[in-house]
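Descriptive structure summary
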Amino acid sequence: MAALAPPSTYGCSPALLFNYPGTTSAAAADGESSTVVSNVLVHPIVLLSVLDHHTRRQEGAGRVIGTLLGRRDGDKVEITNCFAVPHAERGDEVAIGKDFNRQMLALHLRANKRETVIGWYATALPDENDPVNGESKCIADTSSLIHEFYATECEDDPIHLVVDTSLETDAMALRAYKSTPVSVKGEPLANLFHEIRLAVKSSESERICVDRMIRSASSAEGAPASQDESAALQISMERLLAMLETCSEYVDKVVDGTISADDQVGRDISETLNSVPRIRPEVFDKMFNDSLQDLLMVTYLSNITKTQLTIAEKLNATLGK
């Protein structure tokens, strides 16, 4: 890992926290971009990844960090994915796995070229004086150094997402920040972390998974084994069929002259149809069957692994007696 020494400009100073969510900063620097991010949307898969990273952290680690991926659209930022990045904090120094970050980014871009680096996430730091009952700290002085690193990785100003995993109020607090350097006579004084509006956005597939997780939360053993695994797929296909019927009915009415045509709706329908790849039925059947066989093989191997782990646990428990 590469150590980050305090730089001479952006991240050399303490971090100041401004808690009021707004669209502009009280200490905006000269020459700041005219498009200021005012809204952040985060997908549930990002939160689950952060929680998994926090659960698997090394013993004694204060917090974990990682890279945020997503898209920018004017003053809105949508966080669609993330990955963990190893780091170490000792006093005022921070070491970040730069090579690891670049390798993981290259792998993610192979799967989705539309995603870009838009910032970084971190879990809240526990209170040093009272780690159990104390209030968690969202921003630390070392946050300036990490933010400086991601400022060089992002095309625009990076977004900082903080996830409070303390669960003090039976809820997981989420906060999004942007940073502005505060200078006096050209000399950097501090970094102002300004909180911006944040909301959780779920895609159709994510909503189905989250709903199932919520329904299974009341059971100590999770989802019952008898639950139909294809129910979620059936719901998605039924909704897709309903939307296709709605579009078809709209097109028929426009052709018949029952309703007037809407140019924007027509362009949206055309773009949607053009985005669907044209594949011959026999080729599609072969692709589907191959994917189904791969899925069945993965399921079979997973069940074998689960069985082996169960046997190993019982053997260890027996030998331990």
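Here, the structure is the one placed above.
Residues numbered from 1 in each chain as written. Predicted model: local features only at pLDDT ≥ 70, side-chain atom pairs only at ≥ 80, totals over all residues. Heavy atoms only, no water.

1. Observations regarding a negative patch on the surface
Under the convention used in this document: Patches here: salt-bridge-free residues with over 30% relative accessible area, like charges joined within 9 Å, nonpolar side chains (Val, Leu, Ile, Met, Phe, Trp, Tyr) joined within 5 Å. To measure how exposed things are, a 1.4 Å probe is used in the Shrake-Rupley method; for residues, cover is taken only from the protein chains shown. What counts as a salt bridge is simple: a side-chain nitrogen of Lys or Arg found within 4 Å of a carboxyl oxygen of Asp or Glu. The positive count covers Lys and Arg only, the negative count covers Asp and Glu only, and His and the chain ends enter neither. The location of each charge is read from NZ of Lys, CZ of Arg, CG of Asp or CD of Glu. Burial classification: accessible surface area is computed with a 1.4 Å probe over protein chains only, and a residue below 20% of its type maximum counts as buried, one above 50% as exposed, and the rest as partly exposed.
Among the surface-exposed residues, D262, D263, D268 and E271 lie close enough to one another that they form a single negatively charged patch. By relative accessible area, E271 is classed as exposed at 55%.

2. Some thoughts on a nonpolar patch on the surface
Counted only if it meets this: A helix here means a DSSP run of H or I that spans at least four residues, while a strand means a run of E at least two residues long, and both kinds are numbered starting from the N terminus.
Nonpolar side chains collect at one region of the surface, where I279, F284, M287, F288, L292, L295 and L296 lie side by side and expose about 680 Å² of accessible area between them. One can find L296 in helix α7 (residues 281-320). The exposure class assigned to L296 is exposed, which follows from its relative accessible area of 52%.

3. Some remarks on the packing of aromatic side chains
So the rule is basically this: Aromatic pairing here means that ring centres of Phe, Tyr or Trp (its six-membered ring) are within 6.5 Å. Orientation follows from the plane angle: under 30 degrees is stacked, over 60 is edge-to-face, and everything else is tilted.
One pass over the full model with this rule turns up three aromatic pairs. By way of ring pairs, the aromatic residues W120, F149 and Y150 are connected into one cluster.

4. Points about the pattern of salt bridges
Tallying each qualifying case throughout the model produces nine salt bridges. In this structure, the salt-bridge partner of D52 is R56, at a minimum N-O distance of 2.9 Å. Take D52: its relative accessible area is 37%, and that puts it in the partly exposed class. Between R102 and E153 there is a salt bridge, with the nearest N and O atoms lying 3.6 Å from each other. Pair noted here: R102 is in helix α2 (residues 98-111) and E153 is in helix α3 (residues 142-153), with a separation of 51 residues, a long-range link.

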